[in-house]
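Residue-level structure breakdown
Residue strings, one per chain:
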Amino acid sequence: MTELNFEKHFQDKVDAEIKIEPKDWMPDAYRKTLIRQISQHAHSEVVGMLPEGNWISRAPSLRRKLILLAKIQDEAGHGLYLYSAAETLGISREELVEQLLSGKAKYSSIFNYPTLTWADIGAIGWLVDGAAIMNQVMLTRASYGPYARAMVRICKEESFHQRQGYEIMLTLAKGSAAQQHMAQDALNRWWWPSLMMFGPKDDDSAHSQQSMKWKIKRKSNDELRQQFVDVTVQQAEVLGLAIPDPDLKWNEERGHYDFGEINWDEFWNVVKGNGPCNKQRLDARIKAHEDGAWVREAAMAYAEKKEQRKLMESAKAEAA
Amino acid sequence: MLYNYLLQLGDNALILGHRLGEWCGHAPELEIDMALTNIALDLTGQARSLYQHAAEIEGKGRTEDDIAYLRDAWEFKNVLLAEQPNGDFAHTIARQFFYDTFNFFLHRELVGSRDEWLAGFAAKSLKEITYHLRFSSEWVLRLGDGTDTSHEKMQAAVEELWMYTGELKIPSKTDQEMAANGVGPDLNLLKASFDEKVADVLQKANLQMPSTTWMQGGGKDGVHSEHLGFILADMQYLQRAYPGQEW
Amino acid sequence: MKNWPLWEVFIRSKSGLHHKHVGSLHAADAEMAIENARDVYTRRNEGVSIWVVESKHITASDPDDSDPLFEPAKDKVYRHPTFYDLPDEVKYM
């Protein structure tokens, strides 16, 4: 087959909803797009552990502490599943991590915002995980097999994440005046960054169209964002909290909520590294990686010694 | 008093679990991050069961959270070892290994406790602790017998933390009472098993037995190192700042 | 520095079932791979037994050979019970 035929055969498979697997032929650009997207997603999970990790030591009850630990642990797991999926495309975890730490690779900008009160842990679960799930459910049907399978596992595990966040918000919203204030304040700060999580507007999204054709993505950024707004408004009503958007209004004709303009200037600035916590987040990951180097090295050295000893013993046994 | 004994056990689990939780998001590798969090979850879960039961037998309507979040440092009965800072990974592993070793032999005895609840609790926890001990022993081997750097760090950690191991094996008043009633073991009888296991693992890891003989103590009587105050300031902040709220 | 190799993880979800591939992870040696698999892939009670194998030891069939490998089995309908007509009176076969 010529390159062109390969390409057609590949697209036919994608169109027929046949999954692409690691050893199958795939266009170079498809491979690159997947590596970029999957690793960005993995980095987001791992960096995403940090803002919530801030509150493990201050979780206000034993129950909350267990839940928070388990949730953040899941995020480590999700990062790990995703790095593994990316590794099937012929790149190592080490290389991927290097891209993150050198600033070459991006991660979700939402994690460059600070967690200032306990209510932020509620808001992250409710809004940030809520927004992430919209995207992730779509990705369980991505055309690349290992990615889709990782997403199925992730979605299953994620299902408690949003609920625990909403439960925190609900408890605070029903609590004392100070707690209610915390809840509203957290919603005020996390609402717009959550909408930004879906990425630039469709018209400004560099990779969207090709990704849709390859069925890596199945819904556009704007579609997902609208879907998120539509379901979240009612959830805020139940909490008795006000979404900080004066333009938010039900549009009978469209059958959707209209909402105000996102501050794209802020969005691009946080992407570029000017968010409130970009530096802390990356510094924390770099420190963990560098401080851990001697540990990883020691484990490898020990494994090699053990292997050597085993070989020597079996050689001895054979000689005897 | 059984109540005090449950708190002593629970405080160890809570405080060490708290320390391990500080690693979450910062461990040397993702897989290690998940492993340490699993141990933190086991320990925090154990503390929760112990406090729940303690509150129940106390019968004053207090909750597990009242016990964890509304006592001050002198009321905490955990050993000093549990509250020592994470340090580098070698320190965390040394602390864990000493604690797991003691905890393993302790719970193996508690399975036969005359107190039915405690026996049941110990049987369940022993499975978790057996795994913790396996994990920490293996890491002592890896670091002790890994590279020159890791060997040095592991040896230093063992040396530094050794002085906190004496307290594990010296019975407090509560320990003595419990042993007399057949609720808990005589700690003097665990000493040999502890020493033997530690010596065995250190030797396999090419590590020297620490030379320190002077031992720190006081934790079981509520006299702590400076670290505990900071742990509690962090841990109890919300419950103290906003008393009596649901979370 | 040499990095921890990649391992493939197979889990038996309950007694009586096959081990099934669930994903991969990194570990320095086999013991660590088992423990990591336990912490990564059985946190929600997903398993009763774990197999790990270093990824480099797995040999996979080549997708380019798919036709000669798998097509020939497609038309051997006589291997399947539904190929055979039985009179309605025969109830249990």
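Given the structure is predicted, the values throughout are model-derived calculations rather than measurements. (Residues numbered from 1 in each chain as written. Chains lettered and ligands numbered in written order. Predicted model: local features only at pLDDT ≥ 70, side-chain atom pairs only at ≥ 80, totals over all residues. Heavy atoms only, no water.)

1. Thoughts on the interface of chain B and chain C
With 12 residues of chain B at the interface, the matching set in chain C holds 13 residues. Roughly 1200 Å² is buried in total at the junction of chain B and chain C, and carbon and sulfur atoms are behind 53% of that figure. It is B:Glu31, B:Met34 and B:Tyr131 in chain B that bury the most area against chain C; as a group they hold 46% of the surface buried on that side. C:Glu35 serves as the salt-bridge partner of B:Arg134, at 2.8 Å between the closest nitrogen and oxygen. Our enumeration of links across chain B and chain C arrives at 3 residue pairs in polar contact (both at pLDDT 80 or more). Elements with a minimum of two residues in the side of chain B that touches chain C: helix 2 (30-58) and helix 6 (116-144) of chain B. Of all the elements, helix 6 of chain B adds the most residues to the side of chain B that touches chain C, at 6 residues. (Contact = heavy atoms within 4.5 Å. Buried area = accessible area lost by both parts, 1.4 Å probe. Salt bridge = Lys/Arg side-chain N within 4 Å of Asp/Glu carboxyl O. Polar contact = N/O pair within 3.5 Å; in protein donor to acceptor, adjacent residues only side chain to side chain. Helix = DSSP H or I, 4+ residues; strand = E, 2+ residues; numbered from the N terminus.)

2. Looking at a nonpolar patch on the surface
Residues and elements named next belong to chain C. A cluster of nonpolar residues, Val77, Tyr78, Phe83 and Tyr84, forms a patch on the protein surface that exposes about 410 Å² of accessible area. Here Val77 is to be found in the segment after helix 2 (66-70). Given a relative accessible area of 42%, Val77 falls into the partly exposed group. (Patch = residues over 30% accessible without salt bridge, like charges linked within 9 Å, V, L, I, M, F, W, Y side chains within 5 Å. Areas by Shrake-Rupley, 256 points an atom, 1.4 Å probe, with all protein chains shown as cover. Buried < 20%, exposed > 50% of the residue type's maximum accessible area, 1.4 Å probe, protein only.)

3. Section: helix 2 of chain B
Residues and elements named next belong to chain B. Relative to the 42 Å expected for 29 residues at 1.5 Å per residue, helix 2 spans 42 Å between its end C-alpha atoms, a close match to the ideal helical length. The element helix 2 is extensively covered by neighbouring structure, given that 22 of its 29 residues are classed as buried. Phi for Gly59, located one or two positions after helix 2, is positive at around 70°. (Expected span 1.5 Å × (residues − 1).)

4. A short note on the layout of surface pockets
Each pocket or cavity is described by its volume, and for the second largest pocket that value is around 1200 Å³. Among the elements of the structure, helix 4 (62-87) and helix 7 (145-173) of chain A together with strand 1 (6-12), strand 2 (19-26) and helix 2 of chain C are those that each provide at least two residues to the lining of the second largest pocket. Looking at which element gives the most residues to the lining of the second largest pocket, the answer is helix 7 of chain A, with 7 residues. Residue classes in the lining of the second largest pocket are distributed as 15 nonpolar, 10 polar and 12 charged. (1 Å grid on protein atoms, 1.4 Å probe; cavity = no way out; pocket = protein on both sides within 12 Å on 5 of 7 lines; lining within 4 Å. Points joined across faces, edges and corners; volume = space filled by probe spheres on them. Nonpolar A, V, L, I, M, F, W, Y, C, P; charged D, E, K, R; others polar.)

5. So, the interface of chain A and chain B
Of the residues lining the interface, 46 residues belong to chain A; the matching set on chain B comes to 48 residues. Across the chain A to chain B interface the summed buried area is about 4100 Å²; carbon plus sulfur atoms make up 68%. When the area that chain A buries against chain B is broken down by residue, the three leading residues are A:Leu62, A:Gln73 and A:Trp294, summing to 19%. Connecting chain A to chain B are 4 salt bridges. Between A:Arg309 and B:Asp145 there is a salt bridge, with the nearest N and O atoms lying 2.7 Å from each other. Where chain A packs against chain B, one counts 19 residue pairs in polar contact (both at pLDDT 80 or more). Here the residues of the side of chain A that touches chain B sort into 27 nonpolar, 9 polar and 10 charged.

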